[in-house]
Amino acid sequence: MADSLLMEVNYRRPEKIPKLDEDCEGSESSSKQRVVKWGTAEDDEYLRQYLLFHYQFQKTQGFSIKWEQFDYNFRSRSMDKSPNEISERKSNAVLIREMTLTAIDKHNEAHGTKLVFVEHVEANYQLTRGLTCWLTFWATDMASSPPQSKIYQAHVWRRGQNFHTFIFRLKPTDEEIEAVEVQPPSPMLYELDKPPIVFSRPGPEDEALPGVPFVFNRTGAGLDPDW
């Protein structure tokens, strides 16, 4: 059913869909892939990037991360730019398509909509006793007159035959994303004999970190007594 509808929407789709950020248009060649590593709490640059990742993840609810800005592994990764295949049996591209089509089918069944997949934009993932994906894609609403293509996002999880949708929505506007207020991450424990690393907004005497609206300290200063 999905393939037949896809053929239909390919015929009706706009002649030109606006191009997005080049980083969202597909997998990079192996020569352009960044080599990422595991960081440690003793590394100031790792903590700066940890805060930057937290900020971008919370701002977009995990959907849009500027992966070219990161040299370390964090809790989610790009599915488009991963140097390795997630599954031994399927390519990442096949997994993205399957997860996206299933998300659309489940949404249509639950809400009586007639959305049809058009084009992939971006996908991030996390392995969590299954596969969690943050998918961004073009889809056409066949119930609208005339049918209109818009960017949608789906946060989904799959393990075997189990499939769950956490979020299915139109992609927020830049103004809506900008309006999201992000709180500093929770304190980070890294050694039993040392106080946790505390993250906060910069005060008058703090030197702000490049590209990050937060600062950190390893003294435990500012730690909530109830933490």
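Because the structure is predicted, anything quoted here is derived from the model rather than measured.

Participant: Hey, could you run me through unusual backbone geometry in this one?
Facilitator: That bond from serine 145 to proline 146 is cis: its omega, 0 degrees, falls within 30 degrees of zero. As for its position among the elements, proline 146 is in the loop between β3 (131-141) and β4 (148-159). Even without glycine at this site, glutamine 61 takes up a positive phi of about 60 degrees. On the secondary structure map, glutamine 61 appears in the loop between α2 (44-60) and β1 (77-78). Positive phi, close to 50 degrees, is recorded for arginine 129, a residue that is not glycine.

Participant: Just to check I follow, could you spell out α2 for this structure?
Facilitator: Two residues of an α-helix separated by three or four positions point the same way, owing to the 3.6 residues in each turn. Across its 17 residues, α2 extends 25 Å between first and last C-alpha, which sits within 8% of the 24 Å expected from 1.5 Å per residue. Counting buried positions along α2 yields twelve of 17 residues, so the element is predominantly enclosed. Where α2 is concerned, the buried positions are Tyr46, Leu47, Arg48, Gln49, Leu51, Leu52, Phe53, His54, Gln56, Phe57, Lys59 and Thr60. Summarising the contacts, the buried residues of α2 are in contact with β3, β5 (162-170), α4 (174-178), β6 (198-200) and β7 (215-217). The N-cap of α2, judged by a side-chain oxygen 2.9 Å from the amide nitrogen of glutamate 45 a few residues on, is aspartate 43.

Participant: Explanation requested: the pairing of strand β2 (residues 115-127) in the structure shown.
Facilitator: When a strand is regular, its side chains alternate between the sheet's two faces. Alignment of β1 against β2, held across two bridges, turns out to be antiparallel. Along β2, the bridge assignment pairs arginine 77 with tyrosine 125. Where β2 and β3 come together, eleven bridges link them in antiparallel fashion. In the sheet register, asparagine 124 faces β3, and the bridge partner there is tryptophan 134. Counting the residues in the hairpin turn of β2 and β3 gives three residues, including arginine 129, whose phi is positive at 50 degrees.

Participant: How should the confidence of the model for the chain be read in this particular structure?
Facilitator: One rule of thumb: low pLDDT means the predicted coordinates there are not for detailed reading. On average, the chain scores 86 in pLDDT, and the residues at 70 or more come to 84%. Of the regions scoring below 50 in pLDDT, residues 1-31 engages in 36 contacts with residues more than four places distant in sequence or in other chains.

Here is what the cut-offs are and how they apply
- Residues numbered from 1 in each chain as written.
- Predicted model: local features only at pLDDT ≥ 70, side-chain atom pairs only at ≥ 80, totals over all residues.
- Heavy atoms only, no water.
- Helix = DSSP H or I, 4+ residues; strand = E, 2+ residues; numbered from the N terminus.
- Expected span 1.5 Å × (residues − 1).
- Buried < 20%, exposed > 50% of the residue type's maximum accessible area, 1.4 Å probe, protein only.
- Contact = heavy atoms within 4.5 Å.
- Polar contact = N/O pair within 3.5 Å; in protein donor to acceptor, adjacent residues only side chain to side chain.
- Pairing = 2+ DSSP bridges.
- pLDDT = per-residue confidence, 0-100.

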